[in-house]
Amino acid sequence: MPSIGRSFFCLLTTSLLAGACLPGETQQTNATMGSPRSASAQHTFRLDAGNVTYAVGVTPSGSVQTVYWSARLAANDPIPAAEPIGRPFEIDDSPQEYAGWGGGLLAEPSLKITFPDGNPDLVLRFVSAAPEAHTLKIVLKDIQRNVFVTLHYDIDPETGILARWSNIENRTEVPLTVEQAESAEWNLPSATGYSLRFLSGRWGGEDQLQTRAITPGNTVLESRRGFTGHEFAPWFAVAQNDRVTEQNGEVWFGALAWGGSWRITIEQDVMQQVKIVGGYNPFDFSYKLNPAQALTTPKFYGGFASHGFGEMSRIESTFQLHRILPHAPAPRLRPVLYNSWEATGFNFDETTQEKLADKAASIGVERFVMDDGWFSTRAKDSSGLGDWYPNPQRFPQGLKPLIDHVHALGMDFGLWVEPEMVNEDSELYSKHPDWILNFPGRPRTKARSQFVLNLALPEVREYILQTLTKLLSENDIAFLKWDANRNFSEPGWPQKPADEQKQLWVAYVQGYYRVLHTLRERFPMLEIESCSGGGGRVDLGVMQYTDEVWPSDNTDPFDRLTIQDGFTYAYTPAVMMAWVTDSPNWYNGRQTSLSYRFLSAMQASLGIGANLKWTGEDFSTAKHLITEYKRIRKMVQQGALYRLVSPRDGSNISSTESVSEDGRSAVVFAFLHSQQMGYRFPTLHLQGLQPETVYNIRALSGNLSKDTPAQASGAFWMHQGIRLGLTGDFSAQAVLFTAEQHEGKQEQGRTESR
Ligand code: GLA
């Protein structure tokens, strides 16, 4: 039986080395640190990278505070000192880096603990610091008890994005219960008038950008569902004021790398200090730490941009490409894929799939993905989940004949799986009804006729790894679409003692990451997509293990413009999948042309999800646009994105521009919802081009108007702009800009990039 890899307890070699464990792993500590020394002098520690300086100060009484987080300062600039606390009523209103709940704290704490004697008072003070060029560790300790917290800082030299996380150690003689454990607290410069951006949504309507003034009180973004969730993205951006635009103004932003229940609280306290605290969701949270055990929080990344939301997103994208994704700093380009879900639903067999594969290959698709319905008794959504072997009626010789067929057509093969779930009507559930989340004796709530397997149980992880290892060893499968179509209910872990059962909220996600990590170790060429009923599992935690994500089951190309716009505020287009599907769209019945559908999806990582019952002309259009997409995909997926015109708030038009890394080519996509009163489509002003370089232009679809010059300088395209002749309803156009003698070089196939 293959082992799962790491042991559950991760032994620390020194008291400060916590980074070796996954978030949430309980660590057995091997404490070597002495008792805290009282800090008699003021200390300041600073980290500089990208366009960012972050500085932490320590008061003589040991309060550790944020003293600077903004644009980069000169090396010898004076850093403000931390301020004494307790003015005037011994209430701690200082911008602490990590506040224990105790003493005179009224604001949102970072850590709340209850000791066995019922006493929750926790006042954390400075013990020691270990500054390096781009990292910093600060050790805090309670003023009396041997509760130690190590704050970790790791700033990315390229982007200035700072990773922060915490390690909470119990060095007392008794067990204690952690009731709230945040990853970090981000304090903004003292000011008023801040404006918050966040992403909210639901199934079929993910990633809607919201704007809210930050006023006294709290805004809470969270998931209580055990998964990242559709309702909010674990991401925030705070603009200096409500006049910040795509191109101008200061923005502080952050994202939590955690795919379980999470919470981000944006607070403006009574002294008008604005801070953002995020980490494990304290709702129903309880984590017992025995003596010598420690708990590590997820990473909370924070960044700063001086030039508006556009620069913010480009910094985030660079960071995710170079630091987060599998194969970073050079993640693979996404192949053009075909997915059979919208074409077939559950109704198919080997021949149906082969016919779709033939058609997909004829238009230039590179990866053929068979979605739900291929396994066990799965002919409807109420049976088969958990039994991961090919349906013997549909695939009498197993998957090999279909996979061989797909390979012979020059494509690689991918498969849909939903390994964390089980149907009641399955062999797995009849053998192991105790493997699901449940409270004994209570009803077990089904959603989409399925239950959630408890990935905190080693035997469940072992089962998933074994079955997937068998599937992937016996079949040449390049890609898994890993789905999870429901959230937790009755989150019970009855196999554990009562006072440890709520550790499920942490241990489940930890188990999920371990399975993904082990699978990737065993199959290094395997690529994985994160999907959860559409976009219910998109975050920087899962993006470390998955190559792409499915933003939404809503594939309507017009709705997608808004979903994609919101998505790119937080995440790189490199992972954002979009399919060209049929018209009328299954989700809302909207009718659009094939080229409109293509151009909407070509702003992302392109897939085809249509049933391919197309006319000859449709096939030629598809073939042409897929060929064009392969030429531009490197800049669309991994280049610099400029959101030229937002589709939000009922906008009648929208436009994006992607610029190649060397700035010598760009592609502009433009969309018109409905022309009114004969008004012309407005002029688009490009961004990010080299002003003096001459760019040739070429329409990828349709024709340019006669008065559009065939070539002009970057300065011309940015300042004079380009007028496109879009008319009518749901019309779209894409235009390629290439520096003279450059187009050939940009033609980046996927093979070339791998
Ligand atoms: C989820 C996914 C879809 C599809 C179905 C299959 O809803 O988001 O893309 O894979 O499951 O059951």
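Refer to the preceding data block for the structure.
Reading the values: the criteria
Residues numbered from 1 in each chain as written. Predicted model: local features only at pLDDT ≥ 70, side-chain atom pairs only at ≥ 80, totals over all residues. Heavy atoms only, no water. Buried < 20%, exposed > 50% of the residue type's maximum accessible area, 1.4 Å probe, protein only. Helix = DSSP H or I, 4+ residues; strand = E, 2+ residues; numbered from the N terminus. Arc of directions from axis to C-beta. Contact = heavy atoms within 4.5 Å. Phe/Tyr/Trp six-rings, centres within 6.5 Å; stacked < 30°, edge-to-face > 60°. Lys NZ or Arg CZ within 6 Å of the ring centre and 35° of its normal. Pairing = 2+ DSSP bridges. Axes fitted to C-alpha atoms, helices over the stretch in contact; angles between N-to-C directions. Near = heavy atom within 4 Å. Polar contact = N/O pair within 3.5 Å; in protein donor to acceptor, adjacent residues only side chain to side chain. Areas by Shrake-Rupley, 256 points an atom, 1.4 Å probe, with all protein chains shown as cover. Nonpolar A, V, L, I, M, F, W, Y, C, P; charged D, E, K, R; others polar. Expected span 1.5 Å × (residues − 1). Bend = angle between axes of the 7 residues up to and from the residue. Parallel < 35°, antiparallel > 145°, perpendicular 65-115°, else oblique. Left-handed = near helix turned anticlockwise from the far one by under 90°.

Draft legend 1. A look at helix 4 (residues 400–408). What helix 4 keeps buried is the set Leu 402, Ile 403 and Val 406. Relative to the axis of helix 4, the buried residues are bounded by an arc of 95 degrees and lie together on one face. In this fold, the buried residues of helix 4 make contact with helix 3 (350–362), strand 23 (367–370) and strand 24 (412–417). At the C-terminal side of helix 4, Gly 410 shows a positive phi close to 90 degrees.

Draft legend 2. Main features of the packing of aromatic side chains. Considering all chains together, one arrives at 44 aromatic pairs under this definition. When the centroid spacing of 5.5 Å and the interplanar angle of 10 degrees are considered together, the rings of Tyr 338 and Phe 368 count as stacked. With Tyr 338 in strand 22 (residues 337–339) and Phe 368 in strand 23, the pair connects residues that are 30 residues apart, well separated along the chain. Judged by relative accessible area, which is 0%, Tyr 338 ranks as buried. Three or more aromatic residues joined by ring pairs make a cluster, and in this case those are Trp 258, Tyr 280, Phe 285, Tyr 287, Trp 482, Tyr 512, Tyr 513 and Tyr 545. The positively charged end of Arg 145 is found above the aromatic ring belonging to Phe 115, 3.9 Å away from the centroid. One residue, Arg 560, lies across the ring of Trp 550, its end atom 4.7 Å from the ring centre.

Draft legend 3. Summary view of the sheet that holds strand 31 (residues 605–608). Pairing is parallel across the open sheet formed by eight strands, whose spatial order is 29-28-27-24-23-22-31-30. Of all strands in the sheet, those bounded by a partner on one side alone are strand 29 (548–549) and strand 30 (577–580). Sheet topology note: the strand 23/strand 24 ladder contains four bridges and is parallel. Bridge pairing links Val 369 to Gly 414 in strand 24. Its contacts with the sheet put helix 3 on strand 22 and strand 23, and the angle it makes with strand 23 is roughly 155 degrees. Strands in contact with helix 9 (residues 594–601) are strand 30 and strand 31; relative to strand 30, the strand with the most contacts, it is inclined by about 170 degrees.

Draft legend 4. Highlighting the site of the ligand. The environment of the ligand is formed by 13 residues, the closest being Asp 371, Asp 372, Arg 448, Lys 481 and Asp 553. In this structure, an oxygen atom belonging to the ligand sits 2.7 Å away from a side-chain N or O atom of Lys 481. Contact between the ligand and Asn 485: an oxygen atom at 3.1 Å from a side-chain N or O atom of the residue. Coverage of the ligand by the protein chains reaches 95% of its 310 Å² of free accessible surface. Looking at the shell around the ligand residue by residue, the classes come out as four nonpolar, three polar and six charged.

Draft legend 5. Highlighting helix 10 (residues 616–638). The end-to-end C-alpha distance of helix 10, which contains 23 residues, comes to 33 Å, matching closely the 33 Å that a straight helix rising 1.5 Å per residue would cover. The principal kink in helix 10, of about 60 degrees, is found at Ile 632. All of the buried residues along helix 10 are Ala 622, Leu 625, Ile 626, Glu 628, Tyr 629, Ile 632, Arg 633, Met 635, Val 636, Gln 637 and Gln 638.

Draft legend 6. Geometry of the packing of helix 9 against helix 10. Put simply, helix 9 and helix 10 touch, their axes get as near as 10 Å, and they point 20 degrees apart. Taken together, the axis directions place helix 9 and helix 10 in an arrangement best described as roughly parallel. Two packed elements cross with a definite hand, and for helix 9 against helix 10 that hand is right-handed. Where helix 9 approaches helix 10, its residues Leu 594, Ser 595, Phe 598 and Leu 599 are matched on the opposing element by Asp 618, Thr 621, Ala 622, Leu 625 and Ile 626. Considering only residue class, the contact of helix 9 with helix 10 consists of six nonpolar, two polar and one charged.

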